[in-house]
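Spelled out, the chains give:
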Amino acid sequence: MSYSLLIQSAEEIVWKPLRRDLRKLKASSKPDLYVKIYQNKHEIAATDIKPEDFSPIWNFNFHLSAASTSHTLTFRLYHDALGPDEELGRAEASIAMLLDKCEAVTKLDIKHGTRICGRLLGAADVLLERSKLTKPESIVSGVMGAIDTADFTKCADALEGVLSILEPIVKVGDELTKIHPYANAAWKILTSVYNLVKSEQEVDENISKLATAMAELYSSAKDAGIVEAKTASLQDTLRAITMLTLECGNFIRNYQGHGFWGRLNETALKGAGQQVDDLIAQLHDLRSTLTSNLAVQSLSILIQSLRISTEMQKDIQGLVYSEHLSTLRRITSPGQPPNKCLPGTRGHLITWIIEWLFTPSETNILWLSGVAGSGKSTLAMSISELFRAQQRLGRLIYFRRNLPTGNDSIAVLHEIIYGITGVNAEIRRSICAKLAGDPNITNSPLETQFEELLLAPLASANPQFLCGPYVIVIDALDECPDETRTSITNLIANYFHKLPSAFRFLITSRPDPGIAQVFRNRTHLILEHLLDIKSKETEMDIHLYICSRLEEVRTRYQLSNDWPPPSVIVQLVECAGGLFIWAATALNLVSGFDPQKRLENLLEHPFSSSGDLDKLYTIALQTNPDWEDETFSQNATQVLGAIILAKDAITDDMIDKLFSLNTGFSARILQYLGSVVQWSKGQPARPLHATFSYEYTFSTWVSQHSLQGA
Ligand SMILES: Nc1ncnc2c1ncn2[C@@H]1O[C@H](COP(=O)(O)OP(=O)(O)OP(=O)(O)O)[C@@H](O)[C@H]1O
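Along each chain, the written sequence defines residue order, and numbers are assigned to residues from 1. Per-residue local features are limited, in this predicted model, to residues with pLDDT of at least 70; the limit for side-chain atom pairs, both in listing and counting, is 80 or more; totals at the level of whole chains, interfaces and linings are taken over all residues. Hydrogens and waters are ignored; side-chain quantities use all the structure's heavy atoms.

### Quick notes on the overall build of the protein chain
Numbering of helices and strands runs from the N terminus, with a helix taken as a DSSP run of H or I at least four residues long and a strand as a DSSP run of E at least two residues long. Summing up its helical and strand segments, the protein chain has 26 helices and 17 strands in all. Only protein chains enter the accessibility calculation, which uses a 1.4 Å probe; a residue is then buried when its area is under 20% of its type maximum, exposed when over 50%, and partly exposed in between. The buried share of the protein chain, taken over its 710 residues, is 54%. Should any heavy atoms of two residues lie within 4.5 Å, those residues are counted as being in contact. Relative to all contacts within the protein chain whose residues are 6 or more apart in sequence, the contacts with residues 24 or more apart total 76%. Accessible surface computed for the protein chain: about 30900 Å², of which carbon and sulfur atoms make up 51%. Using the Shrake-Rupley algorithm and a 1.4 Å probe, accessible areas are obtained, with residue cover drawn only from the displayed protein chains.

### Some points on the sheet that holds strand β13 (residues 503–509)
Strand order in the open sheet formed by 5 strands is β11-β12-β13-β10-β14, with parallel pairing between adjacent strands. Since the sheet does not close on itself, it has two edges, and those belong to β11 (393–398) and β14 (526–530), each with one partner. Geometrically, the sheet is characterised by an average inter-axis angle of 15° between neighbouring strands, direction not taken into account. Strand pairing requires that DSSP identify at least two bridges connecting the strands. Bridge count for strand β12 (residues 470–475) against β13 is 5 bridges, and the pairing is parallel. Within the sheet, the bridge partner assigned to Val471 lies in β13 and is Arg504. Axis lines are fitted through C-alpha atoms, for helices just across the contact stretch, and the angle between N-to-C directions can take any value from 0 to 180 degrees.

### Quick look at the site of the ligand
The environment of the ligand is made up of 20 residues, and the closest members are Leu342, Gly373, Lys376, Thr378 and Arg510. Definition of a polar contact: a pair of N or O atoms within 3.5 Å, with one able to donate and the other able to accept a hydrogen when the atoms are protein atoms, and with sequence-neighbouring residues admitted only if both atoms are side-chain atoms. Between Leu342 and the ligand, the recorded distance is 2.9 Å, taken from a backbone N or O atom to a nitrogen atom. Residue Glu479 places a side-chain N or O atom 3.2 Å away from an oxygen atom belonging to the ligand. Considered on its own, the ligand offers 620 Å² of accessible surface; in the complex 91% of this is hidden by protein. Elements represented by at least two residues in the shell around the ligand include exactly α12 (376–389) and α20 (580–590). Charged means Asp, Glu, Lys or Arg here, nonpolar means Ala, Val, Leu, Ile, Met, Phe, Trp, Tyr, Cys or Pro, and polar covers whatever is left, Gly included. Tallied by class, residues from the shell around the ligand come to 8 nonpolar, 8 polar and 4 charged. When residues of the shell around the ligand are assigned to domains, at least three map to each of domain 3 (318–530) and domain 4 (536–622). For this purpose, a residue is taken to be near a molecule or strand whenever a single non-hydrogen atom of the residue falls within 4 Å of it. Where each domain begins and ends follows an automated or database-derived domain assignment.

### Topic: the packing of helix α6 (residues 205–223) against helix α7 (residues 232–255)
Between two packed helices, the angle of one axis relative to the other and the distance separating the axes together describe the packing. Their axes nearest at 11 Å, the elements α6 and α7 cross at an angle of 165°. As judged from the angle between their axes, α6 and α7 are roughly antiparallel. α6 and α7 meet at a crossing whose hand is left-handed. In contact with Asn206, Ile207, Leu210, Met214, Leu217, Tyr218 and Ala221 of α6, α7 contributes Ile241, Thr242, Thr245, Cys248, Phe251, Ile252 and Tyr255. For the contact of α6 with α7, the class distribution of residues is 11 nonpolar, 3 polar and no charged. An angle below 35 degrees is read as roughly parallel, one above 145 as roughly antiparallel, one from 65 to 115 as roughly perpendicular, and any other as oblique. We call a crossing left-handed when the near helix sits turned anticlockwise from the far one by less than a right angle, and right-handed when that turn is clockwise.

### Details of the confidence of the model for the protein chain
Each residue gets a pLDDT score, which is the predictor's confidence in that residue and runs from 0 to 100. Put simply, the protein chain has an average pLDDT of 78, and 75% of its residues get 70 or more. Here residues 706–710 is a poorly scored stretch, pLDDT under 50, and it has 9 contacts once near neighbours within four places are set aside; other chains count.

### Quick notes on the packing of aromatic side chains
Here a Phe, Tyr or Trp ring, Trp counted by its six-membered ring, pairs with any other such ring whose centre lies within 6.5 Å, and the pair is stacked when the planes are under 30 degrees apart, edge-to-face when over 60, and tilted otherwise. Inspection of the entire model under this criterion finds 9 aromatic pairs. Ring centres of Phe496 and Phe505 lie 4.4 Å apart, and the angle between their planes is 40°; on these two criteria the pair is classed as tilted. For Phe496, a relative accessible area of 1% puts it in the buried group. Whether a charge sits over a ring depends on NZ of Lys or CZ of Arg being within 6 Å of the ring centre and within 35 degrees of the ring normal. Here the guanidinium or amino end of Arg330 rests over the ring plane of Tyr418, the centre of that ring lying 3.7 Å away. Geometry around Tyr470 places Arg392 over its ring, the cationic atom sitting 5.8 Å from the centre.

Structural data, given as structure tokens:
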């Protein structure tokens, strides 16, 4: 249903600021008031600010749509302070209650806001007038199609049909790890949409059509044996179906007013009609793929074409835009990106993160913290890839210690802005217009650039173009150089929450005290999740990882299926102590020639139960018999030292030249260091992981060998 709302004025404001608050009040002790309006906790509009006025009159009139009159409207009264804006208090009412008053002015008491409770006193009435209720037909029939009971029943039945087929897929999904994250998230979102439709008891023709197309696809998929998805091609198709289901579920939730869009105006509703048609076309395409037994195309192509047609963009000015975008500074990628999670590991966490990213909430920042080597970067990479496939990845930025990436906080912000310009043409246009209109903006302070180049264009975008979530992943913030880290951490904590909720941020870092202090001060804006290395799930994931790597070793060296005995696997899992890096390094070590001997050698040493990395690295280095040879040992220590200390990654040829070694000598050494160094012939060599640093482990090694040559 659609209705219009008028925020008329406030009256009888009593304002007793404390001295501390007065400082924020510029020259006057009168507040600068404005109201933010929330429908079912989602911000949908805000009035303008009425400066220095105890009886502000806004007369702010706007149209809204809501799936139900039981939705709550919250009116938060703010003071436009010099620092962060103060919420003075709030009033609440259901839409039904306002409509019941039948165009009469409603007075709502403003209750004290909790944030300033006991410090500021305020009491006032907000005058709300329900202006003429727009009959649903006037907008709905022209734009969305009429609401009727038949549509509701058809839609509910169709969604129920889809869920009944999706449910067993989710259950077997644990085995079909490729589709598991999408199937799980699709199931959850669709279940919430179904419950919503049932509770609202209303739906319009467009959504009913969409649900019917989904049900048809699922029915064909069931006939094609998709639930079991035995073949690789069926699994690909199933993956495509679950990805598209996620998109459809997300769309319906937005359309019903529970998503990222916020209020839908008439233009947005018209665009939404087009989006429904595009989604239906995608569903039909997949259905004909199934019925004609064709291999499914890459879904990212399908979704991309959907987005392009949805936005109805003809980006003929693309070249002009790229010229403007070239004025943004960029950061250089710090070498090889992290790996993705082994399928089947981190399943619950990935599903939880996808669900969080797809669900609008008061916080748009998730901070994933965890100790070194617990698997944060790997998880960040998996999430990035899942969202890249959905065409929903704004940017993945990753920092690496001692590499120059991120030496410049403006470049980091520009990288995010650049990524966001890729999510849709409308946003790109508006950011480029800003760059074209004010070329000096790129020389302004960081916060100004955030406000002008990112916040303003996004805040003014038509909600239809903010069909989130768009995900920006910042991995290993703690590895960003000191000065940049401080300014980027502060920017994230103080500014990112102002962006439309369609833009969601996943930040990973070790629990660095500087980052933790800033983020934990913002628990209402930043959600923290600690990657728990002691949990049962982590233990099971590491168990799966070790088994999978041992399987590779068995195949490579043609070892028997019962190698090694289960007790050894349990021992390895215990030694890892929840640290993936321990398991990864240990398995790199075991993967070399004569795995059984290597395994015995490894387990001869008593490890502490919490992933004793120092000892593991030393064993990994000692495993090469040539270390007994003093010349080899001395030169090899030099080679390792050079790799660790080099500012930029260096190749074996460069190392030979650096230490005047015979050509090929470093390459011979590097062949034996695969458990700790990432390298291939002629390519730059890097420590496999940051924990293998000069200070932490390598220095122990050097001191043990009394070799200071490096
Ligand atoms: N789920 C996983 N599946 C397979 N391998 C994994 C997984 N998680 C981590 N690893 C492996 O463990 C090692 C350490 O993981 P990662 O670099 O992600 O840890 P981290 O927590 O980001 O460490 P740091 O804080 O030092 O950057 C990597 O070699 C990675 O490939």
